[in-house]
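# Analysis of the macromolecular model
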Amino acid sequence: MQRLAIMFRIKPGTEDKVRDLLANYAPPERVAADGTRMLSTSVFMKDGIVVRMIEIEGSLPALMAHVSQDPSIQYVESELDKYVVEEDRRDASTPDGARAFFMRMSMEHITTRVAPREGAEA
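Owing to the predicted nature of the structure, the values given are computational and were not obtained by experimental measurement.

Conventions used here
- Residues numbered from 1 in each chain as written.
- Predicted model: local features only at pLDDT ≥ 70, side-chain atom pairs only at ≥ 80, totals over all residues.
- Heavy atoms only, no water.
- Axes fitted to C-alpha atoms, helices over the stretch in contact; angles between N-to-C directions.
- Helix = DSSP H or I, 4+ residues; strand = E, 2+ residues; numbered from the N terminus.
- Parallel < 35°, antiparallel > 145°, perpendicular 65-115°, else oblique.
- Left-handed = near helix turned anticlockwise from the far one by under 90°.
- Contact = heavy atoms within 4.5 Å.
- Nonpolar A, V, L, I, M, F, W, Y, C, P; charged D, E, K, R; others polar.
- 1 Å grid on protein atoms, 1.4 Å probe; cavity = no way out; pocket = protein on both sides within 12 Å on 5 of 7 lines; lining within 4 Å.
- Points joined across faces, edges and corners; volume = space filled by probe spheres on them.
- Core = buried A, V, L, I, M, F, W, Y, C linked by side-chain atoms within 4.5 Å.
- Buried < 20%, exposed > 50% of the residue type's maximum accessible area, 1.4 Å probe, protein only.
- Phe/Tyr/Trp six-rings, centres within 6.5 Å; stacked < 30°, edge-to-face > 60°.
- Arc of directions from axis to C-beta.

This paragraph deals with the packing of helix α2 (residues 60–68) against helix α4 (residues 95–105). How two helices sit against one another is set out by the angle between their axes and by the gap between those axes. Contact pair α2 / α4: the axes reach a minimum separation of 8 Å and the direction vectors enclose 125°. When the axes of α2 and α4 are compared, the pair comes out oblique. Seen along the crossing, α2 lies across α4 with a hand that is right-handed. Between α2 and α4, the residues in contact are Leu60, Met64, Ala65 and Ser68 and Pro95, Ala98, Arg99 and Phe102, respectively. Counted by class, the contact of α2 with α4 contains six nonpolar, one polar and one charged residues.

Size it by volume and the largest pocket reaches roughly 490 Å³. Along the wall of the largest pocket there are 26 residues; nearest its centre are Arg52, Ile54, Val67, Ile73 and Glu77. Elements that contribute at least two residues to the lining of the largest pocket include exactly β1 (2–9), α1 (15–24), β2 (37–46), β3 (49–57), α2, α3 (71–80) and α4. No other element matches the five residues that α2 contributes to the lining of the largest pocket.

Time to look at the nonpolar core. Here is a general trend for soluble globular proteins: nonpolar side chains tend to be buried in one another's company. Ranked by internal contacts, the top residues of the largest apolar core, which has 24 residues, are Phe8, Val18, Leu22, Leu80 and Phe102. Of all the secondary-structure elements, those providing two or more residues to this core are β1, α1, β3, α2, α3 and α4. Per-element tally for this core: the top contributor is α2, with four residues. The residues touching Phe102, leaving out its near neighbours within four places in the chain, are Leu4, Ile6, Ile54, Leu60 and Met64.

Glancing now at the environment of Ser42. Its location among the elements puts Ser42 in strand β2. Its relative accessible area of 31% is what places Ser42 among the partly exposed residues. Considered as a pair, Ser42 and Ile54 are 12 residues apart in the sequence and their alpha carbons are 6.6 Å apart. If we skip the residues at most four places from it in the chain, Ser42 touches Val51, Arg52 and Met53.

Phi is positive for Asp47, which is not a glycine, with a value near 50°. Structurally, Asp47 can be placed in the loop between β2 and β3.

What follows concerns the packing of aromatic side chains. The full count for this structure, using the stated rule, is one aromatic pair. Between Phe8 and Phe101, the ring centres sit 6.3 Å apart and the planes meet at 55°, which makes this aromatic pair tilted. One end of the pair, Phe8, is in strand β1; the other, Phe101, is in helix α4, with 93 residues separating them in the sequence. Relative accessible area serves as the criterion here: at 0%, Phe8 is assigned to the buried category. Since its relative accessible area comes to 8%, Phe101 is described here as buried.

Among the residues of α4, those classed as buried are Gly97, Ala98, Phe101, Phe102 and Met105. For α4, the angular spread of the buried residues around the axis is 130°, confining them to a single face. Among the exposed residues of α4, those pointing more than 90 degrees away from its buried face are Asp96 and Met103. In this fold, the buried residues of α4 make contact with β1, β3 and α2.

Here it is as structure tokens:
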């Protein structure tokens, strides 16, 4: 499993619109043609910064290509782009555009700590 995070900034005063948009869009199909699975997504926002965390099993390039073609993602990304600051705007309508945005806005993964399962040896 891979955990990934991207961040982008939004225009002041658009927090309510962005919150509503990100909380209420239809989720994409979670399995790509090659079997890559999107396990979870989480979105956080504070002081004009949005962080989207994603957990996947499989290939990140396959997932980006898959979700960039999903109608729900195309809709939410085009709507979201109205509220993103100019420097962080992107073209998420193509696999190459989604990949370029993701690479530019990816956060460095430092560490993940997971509690052992109950009954497992520490």
